[in-house]
Every structure is written in C-alpha cells, then in structure tokens.
Amino acid sequence: MNSELNSKASGHVALDELFQTKGYTDYKWINPKEIIVSQWARIKCMFGCGKYGNNSSCPPNVPSVAECEKFFHEYSDAVIFRYQKKVDKPGDRHKWSRKVNSDLLKLERAVFFSNYPKAFLFFMDSCSICAECTGERVTCKEPRLSRPSPEAFAVDVFSTVRRFGFPIEVLSDYSQAMNRFSFLMIQ
Ligand code: SF4
C-alpha cells in the first residue's frame, strides 16, 4: 500500500513539473470520485443552451448522466485548471478559449506519453475547434481533437470547484473577470 502511495506521489511530482514547464500554475489535484455529477446540469443543457443539438461534443452527442458518473469513478486522479480572463467584447471570448483549449490538447498528449494511457481532457467550454460545428458526433470534422466540456458530462462545475476551494460566482456582465475551469482525468 505504501509503495502504491509513493508511486502516486512521485507521479504527481513528475506531472507538476510538466504542468509548470508548460506554464500551468493555477490548478489543483482532486479525487475524481468527488466530482459532482447532477441531472440538473444535463437539463440546463437541454433547455436554455443554444449548443444543444448544435455541437458535436455537447448533449445529446454524449453519454447518459449515469454513464458520465460511472466514467469519473473509473479514475484515480484528476486535475482542475483555472483560467481567469476579462474580455473587451463577447466575441473575444471565442478566440481566447480556442487557444486555451488547443494548448490543453497538447498538455493531454504530453500526459498520455508520460505513461498515463487513460488521460482525458475536458475543455473549459464547448468545443470550438472548427468555425462551424457539424452538430453530430458521427460527422465531427476533427474527432481526434474534439473534447466535451465538464458541463456536457453533467458536471455541476460550480459545486465541484467550490468543493476544492476555488471561489466562483455567477457573473452579470463582461466587465467582470471570467472564471473558467478545465478538467484533466489522469491514470
Ligand atoms: S471538432 Fe469541430 S465538428 Fe467536432 S465538435 Fe469540435 S467544433 Fe464540432
């Protein structure tokens, strides 16, 4: 048991070095079994979000809520990365998030090649790799690059990140700094 814990700790140290080398400093290691998955998060996708049925990585192109919950329980480790950003106008948000998510894909790949075959990334928002999304999983134009957001997997992001000590509030306008979170599943 002790050797298992030691090996886990040394794995964290190696990945901490990797994250910091790539400029990631605002993150926390978490137990993925404490990620809060909720039916209400899926209902909010279905009613009130324009991405529903229009993005190949969003509901209904994702597993059921029960399957999402099972998925998180199959991991021993995860990392939540936080990004804070103010934009001048709403349109600037997309360019910024495309760049952040593209860099995260490179990080996921580096983690995979560090001998973590189950490495899986959740973008900090819905996939926007392409200028126009096909809206269906089977016709996704970049299936190797597309990833879901945590919300698409029914994660209650507010409650989950608060549980791990990140402050987060609902924002009322663009003069306030956004708080975005991506999740990296590791094992
Ligand atoms: S890669 Fe392109 S087509 Fe696939 S989910 Fe992302 S934006 Fe849509």
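Described below are features of the structure shown in this document. One numbering rule holds for all chains: residues counted from 1, following each sequence as written. Local features in a predicted model are, by the rule used here, given only for residues with pLDDT of at least 70; side-chain atom pairs are given and counted only at 80 or more, and totals for whole chains, interfaces and linings are based on all residues.

1. Description of the overall build of the protein
- Runs of H or I in DSSP of at least four residues are treated as helices and runs of E of at least two as strands, each being numbered from the N terminus. Broken down by element type, the protein carries five helices and four strands.
- Seen in sequence order, the protein has helices and strands lined up from the N terminus as α-β-α-α-β-α-β-α-β.
- For 187 residues, the compact-globule formula gives about 16 Å, and the C-alpha radius of gyration of the protein, at 16 Å, lands near that figure.
- Along the first, second and third principal axes, the C-alpha set of the protein runs to 50 × 35 × 30 Å.
- Exposure in this text rests on C-beta crowding, where 20 or more other C-beta atoms within 10 Å of a residue's own make it buried, 12 or fewer make it exposed, and counts in between make it partly exposed. The C-beta atoms are placed from the backbone. Among the 187 residues that make up the protein, the fraction classed as buried is 30%.
- The contact rule is simple: place each C-beta atom from the backbone, and if two of them lie within 7 Å, those residues are in contact. The long-range fraction of contacts in the protein, counting pairs at least 24 apart against all pairs at least 6 apart in sequence, stands at 78%. Based on C-alpha atoms, the radius of gyration is set beside the globule rule, defined as 2.2 Å times the residue count to the power 0.38.

2. Points about the site of the ligand
- The criterion for a residue being near a molecule or strand is a backbone-placed C-beta atom within 6 Å of that molecule or strand. Inspection of the region around the ligand gives 14 residues, with Ser56, Cys127, Cys130, Cys133 and Cys140 positioned closest.
- Any residue that is not Ala, Val, Leu, Ile, Met, Phe, Trp, Tyr, Cys, Pro, Asp, Glu, Lys or Arg is counted as polar, Gly included; the first ten are nonpolar and the last four charged. Taken together, the residues of the shell around the ligand break down into six nonpolar, six polar and two charged.

3. Some details on the sheet that holds strand β4 (residues 178–186)
- Strands are treated as partners if at least two bridges between them are detected by DSSP. If you walk across this open sheet you meet the four strands as β1-β2-β4-β3, and the pairing is antiparallel. Among the strands making up the open sheet, the edge pair consists of β1 (27–30) and β3 (120–122). Sheet twist, expressed as the mean angle between neighbouring strand axes with direction ignored, is 20°.
- Across three bridges, β3 lies against β4 in antiparallel orientation. What sits directly across from Leu121, in β4, is Leu184.
- Geometry is summarised by axes, namely lines fitted to C-alpha atoms with helices restricted to the contacting stretch, and by angles between N-to-C directions that run from 0 to 180 degrees. Across the face of the sheet, helix α4 (residues 92–112) comes into contact with β2 (77–85), β3 and β4 while running at roughly 20° to β4.

4. Here's the deal with the nonpolar core
- By our criterion, buried Ala, Val, Leu, Ile, Met, Phe, Trp, Tyr and Cys residues that link up through C-beta atoms within 7 Å make up a nonpolar core. One finds Phe153, Val155, Phe181, Phe183, Leu184 and Ile186 to be the most contacted residues of the largest nonpolar core, which totals 34 residues.
- Among the secondary structure elements, those contributing two or more residues to this core are α2 (39–46), α3 (65–73), β2, α4, β3, α5 (157–163) and β4.
- Among all residues touching Phe153, those that are not within four sequence positions of it are Val62, Cys68, Phe122 and Pro148.

5. Some words on the environment of His73
- Structurally, His73 is set in helix α3.
- Judged by C-beta crowding, with 10 C-beta atoms within 10 Å, His73 ranks as exposed.
- Considered as a pair, His73 and Glu34 are 39 residues apart in the sequence and their alpha carbons are 8.8 Å apart.

6. Some thoughts on the environment of Val62
- Along the chain, Val62 turns up in the loop between α2 and α3.
- A C-alpha to C-alpha distance of 9.7 Å links Val62 and Ala154, two positions 92 residues apart in sequence.
- If sequence neighbours within four positions are ignored, Val62 has contacts with Pro148, Ala152 and Phe153.

7. Regarding the pairing of β4
- Summarising burial for β4: seven of the nine residues are buried, a large majority.
- Strand direction decides the pairing type here: β2 and β4, joined by nine bridges, are antiparallel. Note that in β4 the partner of Phe81 across the bridge is Ser182.

8. Here we look at unusual backbone geometry
- The amide bond that connects Pro59 to the next residue, Pro60, takes the cis arrangement and shows omega of 10°.
- Take Pro60: it is sitting in the loop between α2 and α3.
- Positive phi, close to 80°, is recorded for Asn115, a residue that is not glycine.
- With respect to the helices and strands, the residue Asn115 is situated in the loop between α4 and β3.
- Unusually for a residue other than glycine, Ala154 sits at a positive phi of about 65°.
- Its place among the elements puts Ala154 in the loop between β3 and α5.
- Judged by C-beta crowding, with 27 C-beta atoms within 10 Å, Ala154 ranks as buried.

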